[in-house]
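# Residue-level structure breakdown
So you can see what is in the structure, the chains are spelled out below.
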Amino acid sequence: MRLALREMRRQPGRFATAVALLTLIAMLLMLLGGLLDGLIQRSTGAIRAQPADLVVFSAASEHSFLRSRISPEIRARVAAVPGVTRVGGIGVSQLAARVPGNGPRDLVDVALFGYEEAPSGLPSPPAAGRAYADRVFEDQGVKKGDTLSLGPARTPVRVIGFVEDVSYSGAGTLWASPQTWRDVQDANRPGSSVGAGVFQALVVRTSGDASAVARRIDRATGGATVTVSRADAADAIGGVRQQRSVFNQIIGVTLVIAIVVVALFFALLTVERIGLYGMLKAIGARSRTLFGGVVVQAVVVALMAATIGSGFALLLDRTLPPGTIPYQLLPNRLIVSSIALVLAAVVGSAFSLRRVLRVDPASAIGRSS
Amino acid sequence: MTKDGAPALRMDSVRKVYPTGDEEVVALDHATLTIDHEEIVALVGPSGSGKTTLCSIAGGILSPTAGTVVVAGADITGYSARRLTDFRREHVGFVFQTVNLVPFLTARENLLVVDEIGRRTGAPARKRADQLLEELGLAGRGRHLPATLSGGQRQRVAIGRALMNDPDLVLFDEPTSALDTQLGEQVMELIRDEMNSRGIAAVVVTHDERMTHYADRTVHITDGVLEGSPPR
């Protein structure tokens, strides 16, 4: 191992190509991971902020707010289920909004939520015609006190404050009282308007085993509801699963490329070292020791690449103007990407094992210059 | 040095056969050779005569097809490849013809490689390396890389490495082939002096008859058959 590390220190140039290539791969991995996390965050913030263990949708709604309707009767049955401690109604309208000061065609996408139970970072619902706004609107020119005109009916909603990380399905959100939401829905989506007391979904707090409570809720409503965990509700938002799956596939392919790069590089290096390995085996080095050196070198190369890649990710996080690219830097992502890259390097270097094993110590003797 | 006064090397009717397709090539045929400790034997033969095979079997790099090989009292004939590897590391010294030193290690580190590939001892090994470098006239060259040393100095480093494990037997593979006559003789003289002063047996493979007078005995090999000459 010391031999392998000393070689890297004395002949860093030999490893520069591998470090450079793996660094590019590490950057790509962390960029892809950051984009995925950013996209997911911008899609699921509104659900993650809910003060709930469970979200109750109506049956056949396929976890879609748009298709789901919960009547006051159903709500009462849910509230009566043992283990349910708090129930709040929630509804959302997805519309385009005009921002004062912006051009007439310069619309922004808005999801207006009506809520009863305050999501994290929000107080209880504001008065009619007022709403707390997602911080992302600030980057689109919205200021506290502005009045946005929502939808074709241009329903006015006044922004009275901002809140972080509550985006929904890629759009910024407004948080208003249930009545404001119903008014907006009636004015702009008359076909989808709901009666008094009706919500699209319920957010439920439980005590004890949440999944058992979920099953009890669905039994208590006679199958009129589908109750899922908050995380599952977030995953069910349109595009979230697809984004995750597509990005994870690209990340997987990138890791395969990392394996191939490491495998090729160390295969070449091993071929170059056949004479040296023959000599070392002849004087008593075991194949295990020599192969261990190859793995150590691959791991060091990967760690260097991961470190530079992490630095790049941090730099990107610092320099990207907010509201441009949906890039989100999570410490877990850096750690997982680095571990994945190191594992890829170990797997890649393993392709040299057969070559190292096959080096014959007898090749050291009787070979003329 | 050797166990119970046993000879450094005893090969008894050693045969080595390589299968090539349907036929067999006999590289070594019933070779019988005994080398006492403190004895230097020159092994002379043309290329393809089997001297490399003999040397490899004597050093535990190859296993014989038939016969017995006893190095310093240890019968290594039936050793597994792994046990042979350990045996070489602990009991045999090698000086090779071509790839000899690790290019990215200094002279001193090249000696310490022997310690690093085995069970590391650390400080005693460093002390021994420094002592060997001094004895071989390389005291000021310990921190030099092989590329900055002369051919003769490189051979000295290789000899130092072969002596690091305090071997029972040292095998020299054409140690003078890359050197001119004068330097070759100096190296042979050095080999003789170092081996004699430490009482270590050595086999020096060469095809250069001019170098044989540094050995206690010359053994010729032709087509895998040994023809011994009487001790001088």
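The structure displayed is predicted, hence computed values, not measured ones. (Residues numbered from 1 in each chain as written. Chains lettered and ligands numbered in written order. Predicted model: local features only at pLDDT ≥ 70, side-chain atom pairs only at ≥ 80, totals over all residues.)

## Digging into the overall build of chain A
The secondary structure content of chain A amounts to 11 helices and nine strands. For a compact globule of 369 residues, the expected C-alpha radius of gyration is about 21 Å, and chain A comes in at 29 Å, more than 25% above that figure. Principal axes of the C-alpha set define a box for chain A whose edges measure 95 × 50 × 30 Å. (Helix = DSSP H or I, 4+ residues; strand = E, 2+ residues; numbered from the N terminus. Rg over C-alpha atoms; globule rule 2.2 N^0.38 Å.)

## Brief notes about the overall build of chain B
Broken down by element type, chain B carries six helices and 10 strands. Here the C-alpha atoms of chain B give a radius of gyration of 17 Å, agreeing with the 17 Å that 2.2 N^0.38 yields for 232 residues. Dimensions along the principal axes, computed over C-alpha positions, put chain B at roughly 50 × 40 × 40 Å. The buried share among the 232 residues of chain B stands at 48%. (Buried ≥ 20, exposed ≤ 12 C-beta atoms within 10 Å, placed from the backbone.)

## A few points about the sheet that holds strand S1 (residues 9-20) of chain B
Residue and element names in this part refer to chain B. Judged by pairing direction, the sheet is antiparallel, and its four strands sit side by side in the order S2-S1-S4-S5 without closing on themselves. In this open sheet, the two strands that pair with only one neighbour each are strand S2 (23-35) and strand S5 (74-75). Pairing of strand S4 (residues 66-71) with S5, which is carried by two bridges, proceeds in the antiparallel orientation. In the sheet register, Val-70 faces S5, and the bridge partner there is Asp-75. (Pairing = 2+ DSSP bridges.)

## A closer look at the packing of helix H2 (residues 12-48) of chain A against helix H7 (residues 240-272) of chain A
All names here are of chain A. Here H2 crosses H7 at 170°, and the two axes come no closer than 10 Å. Judged by the angle between their axes, H2 and H7 are roughly antiparallel. Its residues assigned to classes, the contact of H2 with H7 shows 18 nonpolar, five polar and one charged. (Axes fitted to C-alpha atoms, helices over the stretch in contact; angles between N-to-C directions. Parallel < 35°, antiparallel > 145°, perpendicular 65-115°, else oblique. Nonpolar A, V, L, I, M, F, W, Y, C, P; charged D, E, K, R; others polar.)

## Some thoughts on unusual backbone geometry
All names here are of chain A. Positive phi outside glycine occurs at Asp-165, with the angle close to 50°. Mapped onto the fold, Asp-165 is located in the loop between strand S6 (155-163) and strand S7 (172-176). Asp-165 sits in the partly exposed class, given 17 other C-beta atoms within 10 Å.

## With respect to the interface of chain A and chain B
Taken together, the contact between chain A and chain B spans 26 residues of the former and 26 residues of the latter. Among the secondary structure elements, those contributing two or more residues to the side of chain A that touches chain B are helix H1 (2-10) and helix H8 (274-282) of chain A. A per-element tally of the side of chain A that touches chain B places H8 of chain A first, with seven residues. Residue composition of the side of chain A that touches chain B, by class: 11 nonpolar, eight polar and seven charged. (Contact = placed C-beta atoms within 7 Å.)

## So, the nonpolar core
Within soluble globular proteins, side chains that are nonpolar tend to cluster in buried spots. Formed by 106 residues in total, the largest nonpolar core has its most connected members in Leu-22 and Leu-341 of chain A together with Leu-43, Ala-202, Val-203 and Val-204 of chain B. Examining the composition of this core, we find that nine residues originate from one element, helix H9 (residues 287-319) of chain A, more than from any other. Apart from the residues lying within four places of it in its own chain, the contact partners of Ala-202 of chain B are Ile-40, Val-170, Phe-172, Ile-191 and Met-195 of chain B. Judged by nonpolar contacts, the second largest core, of 56 residues, contains Val-55, Val-99, Val-110 and Val-184 of chain A. (Core = buried A, V, L, I, M, F, W, Y, C linked by C-beta atoms within 7 Å.)

## Re the domain arrangement of chain A
All names here are of chain A. By domain assignment, chain A separates into domain 1 (2-44 + 240-364) and domain 2 (60-223). A separation of 45 Å is found between the C-alpha centroids of domain 1 and domain 2. When the residues that make up the side of domain 1 that touches domain 2 are grouped by side-chain class, the tally is one nonpolar, three polar and one charged. (Domains from an automatic or database assignment.)

## Here we look at the pairing of S7 of chain A
Residue and element names in this part refer to chain A. Of all five residues in S7, five are buried; the element is thus mostly enclosed. Where strand S3 (residues 107-115) lies against S7, five bridges are found, and the strand directions are parallel. What sits directly across from Leu-112, in S7, is Leu-174.

## So, the environment of Val-299 of chain A
All names here are of chain A. Considering the arrangement of structural elements, one finds Val-299 in helix H9. Considered as a pair, Val-299 and Gly-170 are 129 residues apart in the sequence and their alpha carbons are 38 Å apart. Beyond its immediate stretch of four places on either side in the chain, Val-299 contacts Val-342, Ala-345 and Val-346.

## Remarks on the packing of H1 of chain A against H9 of chain A
Residues and elements named next belong to chain A. Across the interface, H1 lies against H9 with an axial gap of 8 Å and an inter-helix angle of 45°. On the basis of their axis angle, the class for H1 and H9 is oblique. Read as a crossing pair, H1 and H9 show a hand that is right-handed. Between H1, through Leu-3, Ala-4, Leu-5 and Met-8, and H9, the contact on the second element is made entirely by Gly-293, Val-296, Gln-297 and Val-300. Of the residues contributing to the contact of H1 with H9, the split by class is six nonpolar, two polar and no charged. (Left-handed = near helix turned anticlockwise from the far one by under 90°.)

## Here's the deal with H7 of chain A
Residues and elements named next belong to chain A. Its 33 residues place the ends of H7 48 Å apart at the C-alpha level, agreeing with the 48 Å of an ideal helix rising 1.5 Å per residue. All of the buried residues along H7 are Thr-254, Ala-258, Ile-259, Val-261, Val-262, Phe-265, Phe-266 and Thr-270. Contact partners of the buried residues in H7: H2, H9, helix H10 (331-350) and helix H11 (353-358). (Expected span 1.5 Å × (residues − 1).)

## Remarks on the confidence of the model for chain B
For chain B, the mean per-residue pLDDT works out to 89, and 96% of the residues sit at or above 70. On the interface metric, ipTM, the complex scores 0.92, and its pTM is 0.85. (pLDDT = per-residue confidence, 0-100.)

## Description of the environment of Gly-292 of chain A
Relative to the elements of secondary structure, Gly-292 of chain A occurs in helix H9. The partly exposed category is assigned to Gly-292 of chain A, around which 15 C-beta atoms lie within 10 Å.

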